[in-house]
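Observations on the model geometry
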Amino acid sequence: MTSDAQTIDLRPKEVNFLIYQGDDTSFTVTFPVSINTTGSSGTMKIKRRSGASVLTLALGSGITLSGQIFTTTITKTQAATLPTNMVLEYDWQFTNSAAIEQTVVVGTIQVKPQK
């Protein structure tokens with residue numbers, strides 16, 4: 001009996017956001033129970049397309065961890081500092097207790113002026 005090679009897709013998921021200045025925005029990244037999140041961290045970096053950093057959120061500063069769920073929050077104060085009518089890029093990275101880092105979510109954020 002032969003078996004076909006299996007492909008495991010480790011590419012990050014792509015999720016794009018449209019947010020408004022002056023609004024609080026939250027989303028969660030949930031890991032399966034099989035991944036040990038003890039001693040781990042999460043980081044979200046928002047950048048201009050040129051690569052210049054605009055905002056960085058980290059565990060304890062915009063990101064919270066409860067069990068297997070990382071909740072990321074961009075506060076209305078932080079959203080007010082983001083440039084409007086421009087497409088920004090972000091990546092969300094998980095680092096485990098052995099300091100192994102993996103990008104798990106990427107995408108774009110477009111910020112609209114508050115009406």
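As a reminder, the structure under discussion sits directly above these lines.
What this report covers is the structure whose coordinates are included nearby. (Residues numbered from 1 in each chain as written. Predicted model: local features only at pLDDT ≥ 70, side-chain atom pairs only at ≥ 80, totals over all residues. Heavy atoms only, no water.)

1. Comments concerning the nonpolar core
Soluble globular proteins: nonpolar side chains tend toward being buried together. Counting 22 residues, the largest nonpolar core has Val29, Met44, Ile46, Trp92 and Ile109 as the members making the most contacts within it. Put simply, the parts of the chain that give this core at least two residues each are strand 2 (17-20), strand 3 (25-30), strand 4 (41-47), strand 5 (53-59), strand 7 (69-74), strand 8 (87-95) and strand 9 (101-112). Dropping the residues within four chain positions of it, Ile46 is found in contact with Ala52, Ser53, Val54, Leu55, Ile74, Leu88, Glu89, Tyr90 and Ile109. (Core = buried A, V, L, I, M, F, W, Y, C linked by side-chain atoms within 4.5 Å. Buried < 20%, exposed > 50% of the residue type's maximum accessible area, 1.4 Å probe, protein only. Helix = DSSP H or I, 4+ residues; strand = E, 2+ residues; numbered from the N terminus. Contact = heavy atoms within 4.5 Å.)

2. Observations concerning unusual backbone geometry
Positioned with a positive phi, Asn85 is a non-glycine residue whose angle comes to about 50 degrees. Residue placement: Asn85 occurs in the loop between helix 1 (76-81) and strand 8. The exposed category is assigned to Asn85, whose relative accessible area is 53%. The phi torsion at Ala99 lies on the positive side, around 70 degrees, for a residue other than glycine. For Ala99, the location among the structural elements is in the loop between strand 8 and strand 9.

3. Quick word on the pattern of salt bridges
Within the structure shown, the criterion is met by 2 salt bridges. The partner of Glu89 in a salt bridge is Arg49, with the nearest N and O atoms 3.7 Å apart. Taken together, the residues span a long stretch of sequence, with Glu89 in strand 8 and Arg49 in the loop between strand 4 and strand 5 at a distance of 40 residues. (Salt bridge = Lys/Arg side-chain N within 4 Å of Asp/Glu carboxyl O.)

4. Points about the side chain of Thr95
Along the chain, Thr95 turns up in strand 8. By relative accessible area, which is 17% here, Thr95 ends up buried. With sequence-adjacent residues up to four places away left out, Thr95 is seen in contact with Ser40, Ser41, Ile100 and Glu101.

5. Observations regarding the packing of aromatic side chains
Within this structure, the stated rule accounts for 4 aromatic pairs. Both rings, one in Phe17 and one in Phe27, keep their centres 4.9 Å apart while their planes meet at 40 degrees; by these two values the pair is tilted. Pair noted here: Phe17 is in strand 2 and Phe27 is in strand 3, with a separation of 10 residues, a long-range link. Judged by its relative accessible area of 19%, Phe17 is buried. With a centroid separation of 5.7 Å and 50 degrees between ring planes, the pair formed by Phe17 and Tyr90 is classed as tilted. One end of the pair, Phe17, is in strand 2; the other, Tyr90, is in strand 8, with 73 residues separating them in the sequence. The burial state of Phe17 is the same as that of Tyr90; both residues are buried. Three or more aromatic residues joined by ring pairs form one cluster here, namely Phe17, Phe27 and Tyr90. (Phe/Tyr/Trp six-rings, centres within 6.5 Å; stacked < 30°, edge-to-face > 60°.)

Taken by themselves, the reported measurements are silent on function.
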